[in-house]
Protein chains: 4
Amino acid sequence: MGKNRIEAFSDGVLAIIITIMVLEMKVPHDANIHALTPLYPIFLSYVLSFIYLGIYWNNHHHMLHACHKVTGAILWANLHLLFWLSLVPFVTGWMGENHFAAAPAAVYGVVLFMAAIAYYILQQCIIASQGADSLLKKAVGGDWKGKLSPVLYVTAIVCAFWSPWISMSLYVFVALIWLVPDRRIERVLLNKES
Amino acid sequence: MGKNRIEAFSDGVLAIIITIMVLEMKVPHDANIHALTPLYPIFLSYVLSFIYLGIYWNNHHHMLHACHKVTGAILWANLHLLFWLSLVPFVTGWMGENHFAAAPAAVYGVVLFMAAIAYYILQQCIIASQGADSLLKKAVGGDWKGKLSPVLYVTAIVCAFWSPWISMSLYVFVALIWLVPDRRIERVLLNKES
Amino acid sequence: MGKNRIEAFSDGVLAIIITIMVLEMKVPHDANIHALTPLYPIFLSYVLSFIYLGIYWNNHHHMLHACHKVTGAILWANLHLLFWLSLVPFVTGWMGENHFAAAPAAVYGVVLFMAAIAYYILQQCIIASQGADSLLKKAVGGDWKGKLSPVLYVTAIVCAFWSPWISMSLYVFVALIWLVPDRRIERVLLNKES
Amino acid sequence: MGKNRIEAFSDGVLAIIITIMVLEMKVPHDANIHALTPLYPIFLSYVLSFIYLGIYWNNHHHMLHACHKVTGAILWANLHLLFWLSLVPFVTGWMGENHFAAAPAAVYGVVLFMAAIAYYILQQCIIASQGADSLLKKAVGGDWKGKLSPVLYVTAIVCAFWSPWISMSLYVFVALIWLVPDRRIERVLLNKES
């Protein structure tokens, strides 16, 4: 009960975050095709953040699918996750406008790191609400992706001051390992239904 | 009947309010990490307002849970509440940009005060629609939080012109007493169902 | 079938329109309370447009309640209505920034007039889809409000070039006669259910 | 299962895209009616893009109606479509501000072309998920509109550097052939139900 509304609110916030990012791509005054050239780093950082937010929406979707009771802790853990994701347009714009400079690349990693921690807390809140034989706990299992990502984010933050391109490669790499949807949850849910 | 749509509309408006606030944090032109330093009061006021809107969404969620019939009065009382909440991004930006100066801190309190009154009116409209043995009336009970908050807001507004930091402490304090979700409603609903 | 989605999309668009209007109220740089004084016409036009959009959401809500089959014509009539309402933030901002000058006050009336026509077309599409004994047709009846409003808007547009304050009074007057929710539809629906 | 949420998220994103486009129409400082004259190309490009997004929402609505199982591929194909549509406000603003100059008119076509390809991919993902006797496959049939549109977009892109007005006519023409809602899907669904 109440699950619909937490989904609707999260969908709304994620839909707005993903869409207002595009407002950072300011319309150039010049009508020449070359007027678009200075926008390419903003465009690339937009693509990266769009994919990250898509991954979060996707996994959030699967995770709430496995959640049947919404507690106060889950509501606040979900708002905490949305808070960090709401900072993505800001850091995306900062990184894009400064052509992936050291400081913005590091701060981008900090926001991704905090969002990953917030996602983990939300996951634990849902598992706690489900008691001893939590369906989600079985589904998540070893959760190597969830454990590897924060480590890679921290590596990327540290590397940013040495070479931001290593950080960027790490952000792209983490996105790639997550692009595969969380089939573990799907599988356990399907097993249970059959 | 129609309850779904009032929830969907309120979720939409709250999701947008909470997200456009972040647009007040203008992307700095400088790529240096120190470029973020001037943004810290805007960030802090964003965090405070995010928590307030989270509390409103949370309690709104619980209150509408206890509401089964949507009348014209409830629709307009809800729009009235959304009106005052829609002013939160404006006062948050004003307060943040001016480092919690006296006037913005006081006006921030005025908006919170009006939102609290609007919330109370909405609550009374729902109770009135439920007749003599209103479930929500029982759930709300003495409602010391709902009565204490406006008093603290008025205190904060008056104190702002003397020391804005007292006002800010009061706003944080009110947020803290509300962060505990409205278990009264949850409890009464559970009792009724069992 | 499909009614849920037309409601969800309309709610989303209306929620965004009502909320982005507040972005026209630019945060003043000055921390003084007098910095808010120049904003009062923008605030007043925001309040007026908020009430108008609230009325549209309210009546849209009641009208779709009486609609059971969504046709292609209804989908496009609905988008047509949303198009004119999406121009409300623009004319509200223009009117507010220019202290209710003649031209903005007239153009504000043009947008309200077109929205009223679009609402009427949507109403006729729903009635047409319901055939001979349309429930909505009975509910709407003489529809004096729907017929009087466009006449008053045209009067307001013409008067704007003579005295914009007559126009503003007419806009406030039309809002007041609509603030009473469309009880006709509620009544007919209730009669049918009993 | 999960179909509701993919619809809700898509509705949210489309509602925001369609509404933030209007923010490109900057409020003029002058109160004179002639202050609106420079805005007419922005207004015209807004109308065109509003209709295109309306067509996408409409057809998306019909297509998901025929989809009963949401796979990971469908989720990502849908996000891919939303990505290209999210660029519509940017190219609309660029085209409008530059009075339908060559480069913006061509880039507008590129975004429409990519959105059409993304829509086709989504359609194929849904058909693939439905197996051999896919309801959507039958409904779509020859799909001459879906095949003609990308050809016309490419023609428009090439023509833009010769005469942007040919491109604009082609965009309007494609919009017109799509304005007729996708009755094929409606018909096949109705046949099956009867």
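This section reports on the structure supplied with the text. (Residues numbered from 1 in each chain as written. Chains lettered and ligands numbered in written order. Predicted model: local features only at pLDDT ≥ 70, side-chain atom pairs only at ≥ 80, totals over all residues. Heavy atoms only, no water.)

### Thoughts on the relation of the copies chain B and chain C
Then step 1. Superposing chain B onto chain C takes a rotation of 90° combined with a translation of 0.0 Å along the rotation axis, leaving an RMSD of 0.0 Å. What the superposition gives is, in effect, a four-fold axis relating one chain to the other. Scanning chain B for the C-alpha nearest the rotation axis identifies B:G12, at a separation of 4.3 Å.
Then step 2. A distinct binding surface is used by each copy, with only 3% of the interface residues of chain B retained as interface residues in chain C. (Least-squares fit on C-alpha atoms with pLDDT ≥ 70 in both. Contact = heavy atoms within 4.5 Å.)

### Some remarks on the relation of the copies chain B and chain A
Superposition of the two copies of the chain requires a rotation about an axis together with a shift along that axis.
Then step 1. Overlaying chain B with chain A gives an RMSD of 0.0 Å, the required rotation being 90° about an axis along which the chain moves by 0.0 Å.
Then step 2. Taken together, the interface assignments show that only 3% of the residues at the interface of chain B recur at the interface of chain A, consistent with different surfaces on the two copies.

### As for helix 8 (residues 164-179) of chain A
Residues and elements named next belong to chain A.
Then step 1. For helix 8, which comprises 16 residues, the first-to-last C-alpha distance of 23 Å matches the rise-based estimate of 22 Å (1.5 Å per residue) to within 8%.
Then step 2. Within the sequence span of helix 8, burial applies to P164, S167, M168, L170, Y171, V174, A175, I177 and W178.
Then step 3. Residues of helix 8 that are buried sit in contact with helix 2 (40-65), helix 4 (88-97), helix 5 (102-130) and helix 7 (144-160). (Helix = DSSP H or I, 4+ residues; strand = E, 2+ residues; numbered from the N terminus. Expected span 1.5 Å × (residues − 1). Buried < 20%, exposed > 50% of the residue type's maximum accessible area, 1.4 Å probe, protein only.)

### A word on the interface of chain B and chain C
Then step 1. Between chain B and chain C, the contact holds 29 residues from the first and 39 residues from the second.
Then step 2. Together, the buried faces of chain B and chain C total about 3,000 Å²; carbon and sulfur atoms form 76% of this surface.
Then step 3. Looking at the side of chain B facing chain C, the largest losses of area belong to B:R5, B:W76 and B:F90, adding up to 28% of the total buried there.
Then step 4. Remark: the boundary between chain B and chain C carries 1 salt bridge.
Then step 5. Ionic pairing is found between C:D11 and B:R5, a salt bridge with its closest N-O pair at 2.9 Å.
Then step 6. Seen at the junction of chain B and chain C, the total is 5 residue pairs in polar contact (both at pLDDT 80 or more).
Then step 7. Of all the elements in the fold, those that place two or more residues in the side of chain B that touches chain C are helix 1 (3-20), helix 3 (72-86), helix 4 (88-97) and helix 5 (102-130) of chain B.
Then step 8. The element best represented in the side of chain B that touches chain C is helix 1 of chain B, accounting for 9 residues.
Then step 9. Residue composition of the side of chain B that touches chain C, grouped by class: 20 nonpolar, 6 polar and 3 charged. (Buried area = accessible area lost by both parts, 1.4 Å probe. Salt bridge = Lys/Arg side-chain N within 4 Å of Asp/Glu carboxyl O. Polar contact = N/O pair within 3.5 Å; in protein donor to acceptor, adjacent residues only side chain to side chain. Nonpolar A, V, L, I, M, F, W, Y, C, P; charged D, E, K, R; others polar.)

### Quick notes on the nonpolar core
Then step 1. The biggest cluster of nonpolar side chains holds 300 residues, and the ones touching the most others in it are A:Y171, B:Y171, C:Y171 and D:Y171.
Then step 2. Contacts of B:Y171, omitting those with residues within four sequence positions, involve B:L48, B:Y52, B:A105, B:A106, B:Y108, B:G109, B:L112, B:Y153, B:A156 and B:I157. (Core = buried A, V, L, I, M, F, W, Y, C linked by side-chain atoms within 4.5 Å.)

### A closer look at the interface of chain B and chain A
Then step 1. Each side of the interface is counted separately: chain B has 39 residues, and chain A has 29 residues.
Then step 2. Summed over both partners, the interface of chain B with chain A buries about 3,000 Å², with 75% contributed by carbon and sulfur atoms.
Then step 3. For chain B, the biggest contributors to the area lost against chain A are B:V27, B:F50 and B:W57; these three give 20% of the whole.
Then step 4. For the interface between chain B and chain A, the tally reads 1 salt bridge.
Then step 5. Residue assignment for the side of chain B that touches chain A shows that the elements contributing at least two residues are helix 1 and helix 2 (40-65) of chain B.
Then step 6. Looking at the side of chain B that touches chain A, its residues break down into 24 nonpolar, 10 polar and 5 charged.

### Examining the arrangement of the chains
Then step 1. What separates chain A from chain C at the closest point of their C-alpha atoms is a distance of 9 Å, and the two make no contact.
Then step 2. One finds no contact linking chain B with chain D; the least C-alpha distance across the pair is 9 Å.

### So, a nonpolar patch on the surface
Residue and element names in this part refer to chain A.
Then step 1. Nonpolar side chains collect at one region of the surface, where W144, L148, V151 and F173 lie side by side and expose about 400 Å² of accessible area between them.
Then step 2. Examining the composition of the nonpolar patch, we find that 3 residues originate from one element, helix 7, more than from any other.
Then step 3. Along the chain, the position of L148 falls in helix 7.
Then step 4. Taking relative accessible area as the criterion, L148 reaches 31% and is therefore assigned partly exposed. (Patch = residues over 30% accessible without salt bridge, like charges linked within 9 Å, V, L, I, M, F, W, Y side chains within 5 Å. Areas by Shrake-Rupley, 256 points an atom, 1.4 Å probe, with all protein chains shown as cover.)

### Describing the packing of aromatic side chains
Then step 1. Scanning the model with the defined rule gives 40 aromatic pairs over all chains in all.
Then step 2. When the centroid spacing of 4.4 Å and the interplanar angle of 20° are considered together, the rings of A:W57 and D:F9 count as stacked. Of this pair, A:W57 sits in helix 2 while D:F9 sits in helix 1 (residues 3-20), placing the two residues on different chains. Comparing A:W57 with D:F9, the two get one shared label, buried. (Phe/Tyr/Trp six-rings, centres within 6.5 Å; stacked < 30°, edge-to-face > 60°.)

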